[in-house]
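# Descriptive structure summary
Spelled out from the first residue to the last, the chains are:
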Amino acid sequence: MKTDDELAEAYNAALALEKAGDFAAAAEAYTRVLALDPDDHGGAAVRLAAMGLGDTPVRAPEAYVEMLFDQHASVFDDILVDQLGYHVPILVRQVLLDHAPGPYRRLLDLGCGTGLAGVALSDMSSHRTGIDLSANMIDLAAEHELYDELYVGDAVNFAQEVDDEPWDLVVATDVLPYLGDVAALFAGVRRISTPDAVFGFSTEVLPDDVMAGREFMVGPHQRFVHTLTYVRSALEAAGFTMVHASDITVRHEEGTPQPGHLVLAKAA
Ligand SMILES: C[S@@+](CC[C@H](N)C(=O)[O-])C[C@H]1O[C@@H](n2cnc3c(N)ncnc32)[C@H](O)[C@@H]1O
């Protein structure tokens, strides 16, 4: 289709300019990409923000996240766990065992991906629900046969709208890097959680001098980073108390450890 060809050509041209370090020309090229594809499957908005150009979006575009993870689903575990040293689900398990061991009745795994958190926490609750924007990731999560319910959809909408029994354990491992403003997510999670619920999640962060007073921003790898101060106040605004936060390495990027936080909150 002509439009798809045009879009691919415009996107590749923008990417080439970005890789060549010609950010001004890349910005113009990404603006053309956005005009052709307002849903932003290629993540032009986050790429612009990562280059320090354009406004910080409030979240990564749904179409971009869906396409990114649909495309990478089959290699996700190999790349993230084996090559990039990702083990946040195991860290969440350890922190829960240390600070809030349960037992839990209903686990909600937001952005469950291939189900790594479902596996890590499989003995900590009797019922498990997962939701993810990527249908291909959900297909892989289903293969574990650990989730009682799996949904393809946006975690924020789900938390704002679902009408179901409340959950007493909610986790979001490596999902906040695809959301900038977390207020709607946190308020939604509080809405669908029990009065004594525990909410565990990870974030990425950059040094204070790079954050330069911003509560969240898009980092150099096109993922959102959040300050702990912002996360704490967003939790409080939503009716949670932060009960634990530790420094973690989320993954390695080109051999460099990517710092982040592992946070546990309790419904206040
Ligand atoms: C890096 S993966 C982590 C997957 C899994 N939580 C884990 O720890 O292995 C991020 C996942 O979050 C999903 N995701 C990101 N933003 C989302 C959103 N707003 N709603 C639902 N899923 C989302 C992506 O599709 C992807 O599967």
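Residues numbered from 1 in each chain as written. Predicted model: local features only at pLDDT ≥ 70, side-chain atom pairs only at ≥ 80, totals over all residues. Heavy atoms only, no water.

## Remarks on the domain arrangement of the chain
Domain parsing of the chain yields domain 1 (2–61) and domain 2 (80–267). Computed over C-alpha atoms, the centres of domain 1 and domain 2 are 28 Å apart. Tallying the contact residues gives 10 residues for domain 1 and 14 residues for domain 2. Buried surface at the junction of domain 1 and domain 2, summed over both partners, amounts to about 880 Å²; 59% is from carbon and sulfur atoms. Our count for the contact surface shared by domain 1 and domain 2 stands at 1 salt bridge. Measuring nitrogen to oxygen at the nearest pair gives 3.0 Å for the salt bridge that ties Asp-154 to Arg-59. (Domains from an automatic or database assignment. Contact = heavy atoms within 4.5 Å. Buried area = accessible area lost by both parts, 1.4 Å probe. Salt bridge = Lys/Arg side-chain N within 4 Å of Asp/Glu carboxyl O.)

## Structural notes on the site of the ligand
Lining the immediate environment of the ligand, one finds 20 residues, of which Tyr-86, Gly-111, Asp-132, Asp-154 and Thr-173 sit closest. The contact in question runs from an oxygen atom of the ligand to an N or O atom on the side chain of Tyr-86, over 2.5 Å. Taking Gly-111, its main chain carries an N or O atom lying 2.7 Å from a nitrogen atom of the ligand. Protein chains bury 100% of the 590 Å² of accessible surface belonging to the ligand in isolation. Across the shell around the ligand, the residue classes break down as 12 nonpolar, 4 polar and 4 charged. (Near = heavy atom within 4 Å. Polar contact = N/O pair within 3.5 Å; in protein donor to acceptor, adjacent residues only side chain to side chain. Areas by Shrake-Rupley, 256 points an atom, 1.4 Å probe, with all protein chains shown as cover. Nonpolar A, V, L, I, M, F, W, Y, C, P; charged D, E, K, R; others polar.)

## Considerations on the nonpolar core
The biggest cluster of nonpolar side chains holds 65 residues, and the ones touching the most others in it are Leu-96, Leu-110, Leu-185, Phe-186, Phe-199, Phe-201 and Leu-235. Filtering out sequence-adjacent residues up to four positions away, Leu-110 remains in contact with Ile-131, Ala-155, Val-170, Val-171, Ala-172, Thr-173, Val-175, Leu-185 and Val-189. Among the nonpolar cores identified, the runner-up in size contains 12 residues, and Tyr-11, Ala-14, Ala-27 and Val-33 belong to it. (Core = buried A, V, L, I, M, F, W, Y, C linked by side-chain atoms within 4.5 Å. Buried < 20%, exposed > 50% of the residue type's maximum accessible area, 1.4 Å probe, protein only.)

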